[in-house]
Amino acid sequence: MKTLACSLTVLLGALGASVSMAADEPSPQAVKLYDTYCVQCHGVNRDGNGINSATMAVKPRDHTDSKAMGDTPDDLLFKAIKSGGLSVSKSVLMPTWGGVLTDDEIRLLVQYLRFVSKTQSTTNQ
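Residues numbered from 1 in each chain as written. Predicted model: local features only at pLDDT ≥ 70, side-chain atom pairs only at ≥ 80, totals over all residues. Heavy atoms only, no water.

Caption draft 1: View of the overall build of the protein chain. In terms of regular secondary structure, the protein chain is built from six helices and zero strands. Listed N to C, the secondary structure of the protein chain is α-α-α-α-α-α in terms of helices and strands. Counting all 125 residues of the protein chain, 30% fall into the buried class. Sequence separation of at least 24 residues holds for 48% of the intrachain contacts in the protein chain that already meet a minimum separation of 6. Of the accessible surface of the protein chain, which amounts to about 7,800 Å², a share of 58% is contributed by carbon and sulfur atoms. (Helix = DSSP H or I, 4+ residues; strand = E, 2+ residues; numbered from the N terminus. Buried < 20%, exposed > 50% of the residue type's maximum accessible area, 1.4 Å probe, protein only. Contact = heavy atoms within 4.5 Å. Areas by Shrake-Rupley, 256 points an atom, 1.4 Å probe, with all protein chains shown as cover.)

Caption draft 2: Focus on the packing of helix α2 (residues 28-37) against helix α6 (residues 103-117). Where α2 contacts α6, the axes come no closer than 9 Å and their chain directions differ by 95°. With respect to α6, the axis of α2 lies roughly perpendicular. Two secondary-structure elements touch here, α2 through Q29, A30, V31, L33 and Y34 and α6 through E105, L108, L109, Y112 and L113. Split into classes, the residues belonging to the contact of α2 with α6 amount to eight nonpolar, one polar and one charged. (Axes fitted to C-alpha atoms, helices over the stretch in contact; angles between N-to-C directions. Parallel < 35°, antiparallel > 145°, perpendicular 65-115°, else oblique. Nonpolar A, V, L, I, M, F, W, Y, C, P; charged D, E, K, R; others polar.)

Laid out in structure tokens, this is it:
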């Protein structure tokens, strides 16, 4: 199945088309990054119920919410992680990770969020 999906992506790319698919399996590095930096607020179940969330004025995003996550473009997720919630008109409680994580690590997290939420990669049109 994975080979078929890769072949389809290559074929569509050769035709000038594009396809976005949810990741089949998360990168182990992405899981480790999430578990290190995100789980305290977003929770071990990725549902916004982390250990810190009980005392937060604004509940952290539920990354398993396919509707909300599917409506959020990748570039907005990237910016929220890199520059914090305030940069995307969200909670000031979402910290700025750009000084800690590289752009490549943030991209891995965005891909991982697509896996967790079972959504496809999206861009602003």
